[in-house]
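Each chain is listed here by its residues.
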Amino acid sequence: MSKRINIQWQPDKNDKTPIYKQIVNYFSMMIVEGHWSLDENLPTQRDLAKQFNVNRSTIVSAMDELMASGIIETAYGGGTKITNNSWPLLAYSTFTNWRDFISAGPFKSNQEIIQTINKLEFEDYIRLGTGELDPSLFPKKLYDEVMANISKDLISLNYLEPLGLLDLRKELVKRLALEGIKANEKQILITSGSLQALQLISLCMLNDQSIVYTEAPSYIKSLQVFQSSGINLAPLSMDDDGLKYWQINTSRLKNKRNQIIYTIPDFHNPTSVSMSSLRREELLKFSLKYNLPIIEDSAYSELFFDKKKTKPLRANSNNNNVLYIGTVSKTLAPGLRVGWIVGPESVIERLGDVKMQVDYGASSISQLIVKEFFASGLYDKHLIMIRKELKMRRDNAIKAIDKYLGDQVSYRIPKGGFYIWLEFKKKISTEKIFQKALENNILLNPGNIYDFENNNCIRLSYSYEDSNTLNKAIKILSEIIEDI
Ligand code: PMP
């Protein structure tokens, strides 16, 4: 199906140019500069009249002129589309065709459905898929305290050294030691969010011959961070103990370099599975035997509900095989854009050098904030509150699912993190559920976004909406599913 063009522009009623002419000029520019492409449909005349708040006759005049100049034509089956022959006709135009430039770089576009979600998250929808904390859990008082402390000693916000704020790295050395990870300050690079750590790895350490083995489904599949550099992702299925590393074809490992495993061992995104201690031990042994390094993404590891968390892969004494990635995005605030990567000094120095070329360091003020949160003990205090709150929300979500969707879905009860991976028992199009949910003012994340093949799942997040809203939305969801 053709994509419908989404127009954000409005004619200027104070401008002397007639409105129909402004519309002609705007449409011509969007088409010739390549912002709208041949496979896209224009909104209906009625919708345009409503959106621009003008008479239908104004739109008709504008469309007549655009049709006369051959830029648009009536589409088969109704509607209006941009014509095939618009390019030669406009070849003498002084406009630049930006579309040629937009698609020239190596970075791939987001999946269309993710682009839609990214936009709609800022409109008025109930957000059942969002992987962020509820804004009402923002620790305003703690921030006030932290900001006041920082501001006392703040004398400059100049660039920081290549690996990031030394005092923050010193705090991290202490925190990592508590988890059994031995690292010095030179083994830690502060990144602009943990996503940048993945980006740097893909830029510096892998190439288009590389394979990244990962859980299927996985957060990493929802991004193009590896694929944009031509790196192949290879899916490994999971059981209740984590990824099944033995599915890796070891004969492929022998003569090939630059292969790596990417895993989210704690409260995995999107399935919430945690890797058992035994699986971690086995995976490490396997990784050492075949010289296959591991990227350990610990984004949710501090958000455990019951017992103390399982030891990180990097905590093992043979840990130089593991690059460990962390973030404050899921605990404090993603907008701080502070993450880190821990690894051998040579790797960290190389990544730090490239980071200086990419953005010259993560935000200095954000690094000071995180350092102060760590050093003051307020971070740990906040974590206790967040874990308790998330646990309550998880319990509520499970009750609502059992009540409204009970016999239609199966799921695992998460022991931490943000997500419940709901699998529908009947074969169902999750894209259809997504569309129907939108019509009911609910935004959700279909499971296909994260997977290597179509699945029957959605990623439900209990971290963002409060319990009452979540209950209402799950009830509506159950009605939608009955109707499909
Ligand atoms: N890893 C995982 C598993 C995530 O879920 C996310 C955020 N959704 C990230 C990394 C990236 O987080 P950030 O860049 O904000 O640190």
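Residues numbered from 1 in each chain as written. Predicted model: local features only at pLDDT ≥ 70, side-chain atom pairs only at ≥ 80, totals over all residues. Heavy atoms only, no water.

Description of the overall build of the protein chain
The test is simple: For helices the rule is a DSSP run of H or I covering at least 4 residues; for strands it is a run of E covering at least 2, with both sets numbered from the N terminus onward. Buried residues are those whose accessible area, probed at 1.4 Å on protein chains only, stays under 20% of the maximum for their type, while exposed residues exceed 50% and partly exposed ones sit between those limits. The criterion used for residue contact is that any of the two residues' heavy atoms lie within 4.5 Å. The method behind every accessible area is Shrake-Rupley, applied with a 1.4 Å probe, and residues are considered shielded solely by the protein chains displayed. In this charge count, Lys and Arg are treated as positive and Asp and Glu as negative; neither His nor the chain ends contribute. Note that the charge is assigned to NZ on lysines, CZ on arginines, CG on aspartates and CD on glutamates.
The number of helices and strands found in the protein chain is 15 helices and 19 strands. Overall, the C-alpha framework of the protein chain stretches about 75 × 60 × 55 Å when taken along its three principal axes. Relative to its full complement of 484 residues, the protein chain shows a buried share of 52%. The long-range share in the protein chain, meaning contacts at least 24 apart out of those at least 6 apart in sequence, stands at 73%. Accessible area of the protein chain: about 23500 Å², with a carbon and sulfur share of 50%. Separation of charge centres in the protein chain, based on 60 positive and 56 negative side chains, amounts to 3 Å.

Observations regarding empty space enclosed by the protein
Convention followed: A cavity, in this analysis, means grid points on a 1 Å lattice covering only the protein atoms where a 1.4 Å probe fits yet has no way out; a pocket is instead an open set bounded by protein on both sides within 12 Å along at least five of seven lines, and a residue lines either one if it has an atom within 4 Å of a point. Grid points are joined across faces, edges and corners, and a volume is the space filled by probe spheres set on the points. For this classification, Asp, Glu, Lys and Arg are treated as charged, while Ala, Val, Leu, Ile, Met, Phe, Trp, Tyr, Cys and Pro are nonpolar and the rest, including Gly, are polar.
Scanning all chains against the criterion turns up one cavity of 30 Å³ or more. Considered as a void within the structure, the largest cavity measures approximately 140 Å³ in volume. Glu179, Ser301, Glu302, Tyr324 and Trp340 are the residues nearest the centre of the largest cavity, which is lined by 16 residues in total. If you list the elements that add at least two residues to the lining of the largest cavity, you get helix 8 (166-178) and strand 13 (322-327). Each residue belonging to the lining of the largest cavity can be placed in one class, and the counts come to eight nonpolar, five polar and three charged.

Details of the layout of surface pockets
Computed from the structure, the largest pocket encloses a volume of approximately 1500 Å³. Lining of the largest pocket is provided by 35 residues; of these, Lys3, Arg4, Asn6, Glu112 and Thr116 occupy positions nearest its centre. Going through the elements one at a time, strand 1 (3-4), strand 2 (40-42), helix 2 (45-52), helix 5 (98-102), helix 6 (112-120) and helix 14 (430-439) are the ones with two or more residues in the lining of the largest pocket. With six residues, the single largest contributor to the lining of the largest pocket is helix 6. Among the residues making up the lining of the largest pocket, the classes are represented as 11 nonpolar, 13 polar and 11 charged.

Overview of the sheet that holds strand 19 (residues 457-461)
The following threshold applies: One bridge is not enough; two strands pair if DSSP finds at least two bridges between them.
An order of 15-16-19-18 is seen for the four strands of this open sheet, with the pairing classed as antiparallel. Among the strands making up the open sheet, the edge pair consists of strand 15 (409-410) and strand 18 (445-446). Strand direction decides the pairing type here: strand 15 and strand 16 (residues 419-424), joined by two bridges, are antiparallel. In the sheet register, serine 410 faces strand 16, and the bridge partner there is glutamate 423.

Brief notes about the packing of aromatic side chains
Note the cut-off: Ring pairs shown here join Phe, Tyr and Trp side chains whose ring centres sit within 6.5 Å, with only the six-membered ring taken for Trp; geometry is labelled stacked below 30 degrees between planes, edge-to-face above 60, and tilted in between. For a lysine, the NZ atom is tested; for an arginine, the CZ atom; a charge sits over a ring if that atom is within 6 Å of the ring centre and within 35 degrees of the ring normal.
All told, the structure shown has 16 aromatic pairs when counted by the stated rule. Put simply, the rings of Trp9, Tyr26, Phe27, Trp36 and Phe52 pair up and form one aromatic cluster. Positioned above the aromatic ring of phenylalanine 122, the side-chain terminus of arginine 127 is 5.9 Å from the ring centre. The cationic tip of arginine 387 hangs over the ring face of phenylalanine 304; the distance from NZ or CZ to the ring centre is 4.1 Å.

Re the packing of helix 9 (residues 194-204) against helix 11 (residues 345-358)
Here is the rule we go by: Only C-alpha atoms enter the line fits that serve as axes; for helices the fit covers just the stretch in contact. Angles between N-to-C directions range over 0 to 180 degrees. Here roughly perpendicular refers to angles of 65 to 115 degrees, roughly parallel to angles under 35, roughly antiparallel to angles over 145, and oblique to all remaining angles.
The geometry of helix 9 relative to helix 11 is characterised by a closest axis approach of 10 Å and an angle of 105° between their N-to-C directions. Taken together, the axes of helix 9 and helix 11 lie roughly perpendicular to each other. Residues Gln196, Leu200, Ile201, Leu203 and Cys204 of helix 9 lie in contact with helix 11, whose contacting residues are Arg350, Leu351, Val354, Lys355 and Val358. Along the lines of polarity and charge, the residues of the contact of helix 9 with helix 11 split into seven nonpolar, one polar and two charged.

Considerations on the site of the ligand
Keep this limit in mind: Distances are taken per atom, and a residue is near a molecule or strand as soon as one of its heavy atoms is within 4 Å of it. Pairing of N or O atoms within 3.5 Å defines a polar contact, subject to two protein rules: one partner must be a possible hydrogen donor and the other a possible acceptor, and residues neighboring in sequence count only if both atoms are side-chain atoms.
In the vicinity of the ligand lie 13 residues, with Asp297, Tyr300, Thr327, Ser329 and Arg337 positioned nearest. Within the contact set of the ligand, an oxygen atom lies 2.7 Å away from a backbone nitrogen or oxygen of serine 194. Between an oxygen atom of the ligand and a side-chain N or O atom of asparagine 269, the distance comes to 2.8 Å. Against a free-state accessible area of 400 Å², the protein chains account for coverage of 91% of the ligand.

A closer look at helix 12 (residues 364-376)
Defined as follows: Working rule for helices: expected span equals 1.5 Å times residues minus one.
Here helix 12 is 13 residues long and its end C-alpha atoms lie 18 Å apart, about the 18 Å a rise of 1.5 Å per residue gives. Looking at the buried residues of helix 12, the elements they touch are helix 7 (140-153), helix 8, strand 6 (188-191), strand 14 (339-342) and helix 13 (378-405). Backbone geometry just after helix 12 places glycine 377 at a positive phi near 85°.

Re a nonpolar patch on the surface
Selection rule: Only residues above 30% relative accessible area that lack a salt bridge enter a patch, with like-charged residues linked at up to 9 Å and the nonpolar side chains Val, Leu, Ile, Met, Phe, Trp and Tyr linked at up to 5 Å. A pair is scored as a salt bridge if a Lys or Arg side-chain nitrogen falls within 4 Å of a carboxyl oxygen belonging to Asp or Glu.
A surface patch of nonpolar side chains, amounting to about 360 Å² of accessible area, comprises Trp98, Phe101 and Ile102. Within the secondary structure layout, isoleucine 102 lies in helix 5.

Here we look at the environment of leucine 157
Tracing the backbone through its elements, the reader meets leucine 157 in the loop between helix 7 and helix 8. Here leucine 157 falls in the partly exposed class, since its relative accessible area comes to 47%. It is 46 Å that separates the C-alpha atoms of leucine 157 and lysine 472, two residues lying 315 residues apart in sequence. When neighbours within four sequence positions are excluded, leucine 157 is seen to be in contact with Ser364, Ile365 and Leu368.

Digging into the side chain of threonine 263
Here threonine 263 shows up in strand 11 (residues 259-263). Given a relative accessible area of 0%, threonine 263 falls into the buried group. Side chain to side chain, threonine 263 and glutamate 215 meet in a polar contact 2.4 Å long. Threonine 263 has contacts with Glu215, Leu243, Met275, Ile294, Ile295, Glu296, Asp297 and Leu313, leaving out every residue within four places of it along the chain.

Without other data, these values stay purely geometric and don't point to any function.
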